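Each chain is listed here by its residues.
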Amino acid sequence: MINGVDLSNRTRFLKKCVKAIQSECSANDFVLGSRISLYEGIRGGCGTAGPDELVEDLTEMLDMIRLLHQLGMQVVNVSAGIPGVTSELTRPVKGSRHLTLDHLRYTKTVKDVLNSIQSEMRVIGSAYSVLQSEGVERADEMLRKGYTDFIGWGRQSFADPLLPEKLLNNRAINWCTACSMCSKLMLAQYHDGCAMYNLYYKNLYQQMRKHQ
């Protein structure tokens, strides 16, 4: 409970939205899920015990995971941070690669909660792109140990959309360099993509710089 307002009241909008979506879709033609930041890294944010707290406390966020299960969601993408505020927590860069360990821990924590209630909701992990080839090894370990169900690549999918096929066939991969040019395109409200390997987005990035 934060400032006297309990979780049930603060999730009314979410519950109404999910119910409305479910009324328009059948279970066979639509996968319903949510991306959730388990800890935002700001005082009073998600993953803390109250408005004056900064220290991580996942109690309420794990209640949110249980709620998503109760609402009948089929998948949850586990993340952290707030893009634009605690961006390196959301999208670790080369100098903050260690923050990927938080994502691994959060993903396993969510998976453990879902296992404890025998939920069939599937978990997608995040923050593998900055690790490049090591990210594939981490992903394999997380899957093998049952800490997650799926692996989510964001920036790496921009850098090389053919990553899965290339891994299967042992072909050379364009690894994400974590240069953040795609993020800068997004923040400037341009079409978003890899300005390192894709000529279209490289030209778009140069165009954006000229207008700044």
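Reading guide: rules and limits
- Residues numbered from 1 in each chain as written.
- Predicted model: local features only at pLDDT ≥ 70, side-chain atom pairs only at ≥ 80, totals over all residues.
- Heavy atoms only, no water.
- Pairing = 2+ DSSP bridges.
- Helix = DSSP H or I, 4+ residues; strand = E, 2+ residues; numbered from the N terminus.
- Contact = heavy atoms within 4.5 Å.
- Axes fitted to C-alpha atoms, helices over the stretch in contact; angles between N-to-C directions.
- Buried < 20%, exposed > 50% of the residue type's maximum accessible area, 1.4 Å probe, protein only.
- Parallel < 35°, antiparallel > 145°, perpendicular 65-115°, else oblique.
- Left-handed = near helix turned anticlockwise from the far one by under 90°.
- Nonpolar A, V, L, I, M, F, W, Y, C, P; charged D, E, K, R; others polar.

Draft legend 1. Local environment of the pairing of strand 1 (residues 33–37). Relative to strand 2 (residues 75–79), strand 1 runs parallel, the two being bridged by five bridges. By the bridge assignment, Ser37 is partnered in strand 2 with Ser79.

Draft legend 2. Structural view of the sheet that holds strand 3 (residues 122–125). With parallel pairing, the four strands of this open sheet are ordered in space as 1-2-3-4. In this open sheet, the two edge strands, each paired with only one partner strand, are strand 1 and strand 4 (150–151). Where strand 3 meets strand 4, two bridges bridge the pair, whose relative direction is parallel. Its bridge partner lying in strand 4, Ile124 is registered against Phe150. The sheet contacts of helix 3 (residues 59–70) involve strand 1 and strand 2, and relative to strand 1 the element is tilted by about 180°.

Draft legend 3. Local environment of the side chain of Gln156. Structurally, the position occupied by Gln156 is in helix 7 (residues 155–159). Residue class for Gln156 comes out buried when judged on its relative accessible area of 0%. Aside from chain neighbours lying at most four places away, what touches Gln156 is Ser129, Leu163, Ile173, Asn174, Trp175 and Cys176.

Draft legend 4. Molecular detail of the packing of helix 3 against helix 5 (residues 100–116). Their axes nearest at 10 Å, the elements helix 3 and helix 5 cross at an angle of 50°. Taken as axis vectors, helix 3 and helix 5 run oblique relative to one another. Taken as a pair, helix 3 and helix 5 cross one another with a handedness that is right-handed. Taking contact as the criterion, the partners of Leu62, Ile65 and Arg66 in helix 3 are, on helix 5, Thr109, Val110, Val113 and Leu114. Tallied by class, the residues present in the contact of helix 3 with helix 5 amount to five nonpolar, one polar and one charged.

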